[in-house]
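The lines below spell out each chain.
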Amino acid sequence: MPNRRFADGEVVMGRWPGSVLYYEVQVTSYDDVSHLYTVKYKDGTELELKESDIRSQSSFRHRKSQSSSSSPSRRSTSRSRSRSPGRPAKGRRRSSSQSREHKDDKKKTIQETNVALLVLVLFKPSENNTRRYNGEPESTERNDTSRLILEQKLKPDLETERVLEQYSLRPRKEEKKKEEIYSEKKIFETIKTIEKASSKTKELEFGGRIGTFMLIFFLPATVFYLLLMCKQDDPSLMNFPPPLPALESLWEARVFGVFLLWFFLQALFYLLPVGKVVEGLPLSNGRKLHYRINGFYAFVLTAAAIGTLLYFEFELHYLYDHFMQFAVSAAAFSMGLSIYLYIRSLKAPEEELAPGGNSGYFVYDFFTGHELNPRIGSFDLKYFCELRPGLIGWVVINLAMLLAEMKIHNQSMPSLSMILVNSFQLLYVVDALWNEEAILTTMDITHDGFGFMLAFGDLVWVPFVYSLQAFYLVGHPTAISWPVAAAITILNCIGYYIFRSANSQKNSFRRNPADPKLAYLKFIPTATGKGLLVTGWWGFVRHPNYLGDIIMALAWSLPCGFNHILPYFYVIYFICLLVHREARDEHHCKQKYGLAWERYCQRVPYRIFPYIY
């Protein structure tokens, strides 16, 4: 077993993970099993580093002394030689030649030193950075400070370069200024290149380029397969594949026109000057976008419009009769929207690109979304699609299925199963629209770009897959007793209570951790300025909102009975989705919070299911 090289309490230079930059750190402990050093940076961040990522301070000081030892002698030499007009011409030529070589070497050293210095200034974690409780630094203030330091650091080196000009007996001021400007310009260009490289997405999700390419085709195929199976008399897995309809029957211009009318009607409701305007979380450049919170008003106006259509005896079950065609129209529209989003993102500034969709690979960025917040004026495309056309459309589709069931089976009242499914999912949608402001802190808004993944998910997957239970019940009616209905209702209420109370705790704590109403909550402080809740629902499991989601999804499927597994696809999908999200959250939180996250995981060992997972 190799001996440890650095002792506890020793001040050394540690490499920042994912970069080539070294910062001053203090060794706090050493693990003999993993051979990792626990080090503490000046800003309080604690990380575990390999021995190969740690160097002694003497090696850095030695380099620094070497780079600066020759400067005084050169300056004195330049002064003595420039003030000797009586020197022979031959010697003068030799001195001039040598001085040019020295000057070129010195200028190269100055530029390299300045670039290294600027990288440290711009990217080193600062002790004095003002941070909010949401963990975001005040980027604008930090950049201004960095520029000020930059100007102060450049001045001495440029003075040295001016002194080196004295080697020449005939200094030319114009050339000297041009060289200085060129030197500064080159340094700034180097910094911009480094900043651009550092903002690239390093870790690819969903299987990388190959996985996202396959998902672009797999997701639409899954939606169409589920809808075709629901239409079968026996939708069991043994009947795979279902009979495919004729291609010409999948498209109808009138259906596509109705879909466009729906989309732009919701866009009109979004633009109405009703509801409050709130600020989102700070972006990477410190700017905050404004959002109008009027989703619930849009839902009320939509309900009034649908009620008017039903009053004039509009056949809403038209949606059921052309359900597959509506799904194809929505998929085609989402693909066209995704292409538009990617093309416009190519002209977006670097700071407006999504952290998770800036890999440089066309397929991956197209799928995950290249631009973080694409807007047309004040119209935020991602925020609009997140809650409006798909989520409200889900409720309208469920209502259409309820009316279709009554018409097809000649019922004066919908079945108890259909009423439960409609009621449970209506509650979920109304809750999302009522608490619309909470979505501004989710990863969909703060991290993920707007590309095919969200466009297809919002416009196709949500309305046509989430309504699968109601669509299934039209062709496969299931009778349940009142006691069973009561038990399912209680299960849904439990899931909803966990989901809503957990999200409310999290959002309130993020907005104002000092709120007296939250004084009972305990948390673990982190180096980012945020706190990790260890009481309440977040002290029960790490993702209690996911637990509530899964319980509600099960309650939505139980009214469909147990004859087929198809209605439970949503539960299986939801569990897989949330496990993937949980793994992604774990990875991001471990990187962001370091040892504080490890302490949190020790306090809260279960991820989603208590005593199970």
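Residues numbered from 1 in each chain as written. Predicted model: local features only at pLDDT ≥ 70, side-chain atom pairs only at ≥ 80, totals over all residues. Heavy atoms only, no water.

You'll find the protein entered in an unreviewed UniProt entry as Delta(14)-sterol reductase LBR, with Dromas ardeola given as the organism. Per UniProt, the protein carries the Pathway (unreviewed entry) text "Steroid biosynthesis; cholesterol biosynthesis." UniProt's Sequence similarities (unreviewed entry) comment on the protein is quoted here verbatim: "Belongs to the ERG4/ERG24 family." (UniProt positions renumbered as here; feature names shortened; annotations may be inferred.)

### Observations concerning the packing of aromatic side chains
Using the criterion set out here, one finds 46 aromatic pairs in the structure. Taken together, a centroid distance of 5.6 Å and an interplanar angle of 65° make the contact between Tyr-270 and Phe-384 edge-to-face. In this pair, Tyr-270 is assigned in helix H7 (residues 253–271) and Phe-384 in helix H12 (residues 381–408), connecting sequence segments 114 residues apart. Comparing Tyr-270 with Phe-384 shows no difference in burial state: the two are buried. Judged by centre distance (5.7 Å) and plane angle (35°), the ring pair of Tyr-428 and Phe-499 falls under tilted. Note that Tyr-428 is positioned in helix H13 (residues 416–434) and Phe-499 in helix H17 (residues 482–511), a separation of 71 residues in sequence. What makes Phe-499 buried here is its relative accessible area of 10%. Among the aromatic residues, ring-to-ring pairing joins Phe-259, Phe-263, Phe-264, Tyr-270, Tyr-291, Phe-333, Phe-379, Tyr-383 and Phe-384 into one connected group. (Phe/Tyr/Trp six-rings, centres within 6.5 Å; stacked < 30°, edge-to-face > 60°. Helix = DSSP H or I, 4+ residues; strand = E, 2+ residues; numbered from the N terminus. Buried < 20%, exposed > 50% of the residue type's maximum accessible area, 1.4 Å probe, protein only.)

### Details of a nonpolar patch on the surface
A contiguous nonpolar surface patch, about 480 Å² in accessible area, is contributed by Ile-210, Phe-213, Met-214 and Phe-217. Position of Met-214 among the secondary structure elements: in helix H6 (residues 208–230). (Patch = residues over 30% accessible without salt bridge, like charges linked within 9 Å, V, L, I, M, F, W, Y side chains within 5 Å. Areas by Shrake-Rupley, 256 points an atom, 1.4 Å probe, with all protein chains shown as cover. Salt bridge = Lys/Arg side-chain N within 4 Å of Asp/Glu carboxyl O.)

### Describing the UniProt feature "transmembrane region" (unreviewed entry) in the protein
The UniProt record marks residues 206–228, 253–272, 293–312, 324–343, 454–474, 480–499, 520–541 and 561–580 with the feature "transmembrane region" (unreviewed entry), using the residue numbering of this structure. Helix makes up 95% of residues 253–272 and strand 0%. Its end C-alpha atoms lie 29 Å apart. Its end C-alpha atoms 29 Å apart, residues 454–474 is made of 90% helix and 0% strand.

### Focus: the nonpolar core
Among the nonpolar cores identified, the biggest contains 130 residues, and Met-401, Phe-464 and Tyr-466 are the most heavily contacted of them. Here this core takes 16 residues from H12, the largest share from any one element. Residue-level mapping places this core at the junction of two domains, with at least three residues from each of domain 2 (206–479) and domain 3 (481–612). Not counting the four nearest positions on each side in its chain, Tyr-466 is found in contact with Trp-394, Gln-425, Trp-461, Tyr-570, Tyr-573 and Phe-574. Residues Phe-6, Tyr-23, Val-27 and Tyr-41 belong to the second largest nonpolar core, which totals 13 residues. (Core = buried A, V, L, I, M, F, W, Y, C linked by side-chain atoms within 4.5 Å. Domains from an automatic or database assignment. Contact = heavy atoms within 4.5 Å.)

### Thoughts on H12
For H12, built from 28 residues, the straight-helix expectation of 40 Å at 1.5 Å per residue is met to within 8% by its first-to-last C-alpha distance of 38 Å. At Trp-394, H12 is bent by approximately 25°, the largest bend along its length. Counting buried positions along H12 yields 24 of 28 residues, so the element is predominantly enclosed. Between the side-chain oxygen at the start of H12 and the backbone nitrogen of Lys-382 there is a gap of 3.3 Å, and the oxygen is on Asp-380. Where H12 ends, the next residue or the one after it, Asn-410, has phi of about 55°, a positive value. (Expected span 1.5 Å × (residues − 1). Bend = angle between axes of the 7 residues up to and from the residue. Polar contact = N/O pair within 3.5 Å; in protein donor to acceptor, adjacent residues only side chain to side chain.)

### What to know about the confidence of the model for the protein
Confidence in the prediction of the protein, expressed as mean pLDDT, is 78, and 77% of residues score 70 or more. Throughout residues 67–97 the model reports pLDDT below 50, and contacts reaching past four residues in sequence, or to other chains, amount to 21 contacts. Note on residues 191–198: pLDDT under 50 across the span, and 13 contacts to partners over four residues away in sequence or across chains. (pLDDT = per-residue confidence, 0-100.)

### Considering the side chain of Glu-371
Position of Glu-371 relative to the elements: it lies in the loop between helix H11 (362–368) and strand S8 (375–376). Taking relative accessible area as the criterion, Glu-371 reaches 4% and is therefore assigned buried. Within the structure, Glu-371 has its side chain in polar contact with the side chain of Arg-344 (distance 3.2 Å). Aside from chain neighbours lying at most four places away, what touches Glu-371 is Arg-344, Ser-345, Ala-348, Glu-352, Leu-353, Ala-354, Gly-449 and Phe-450.

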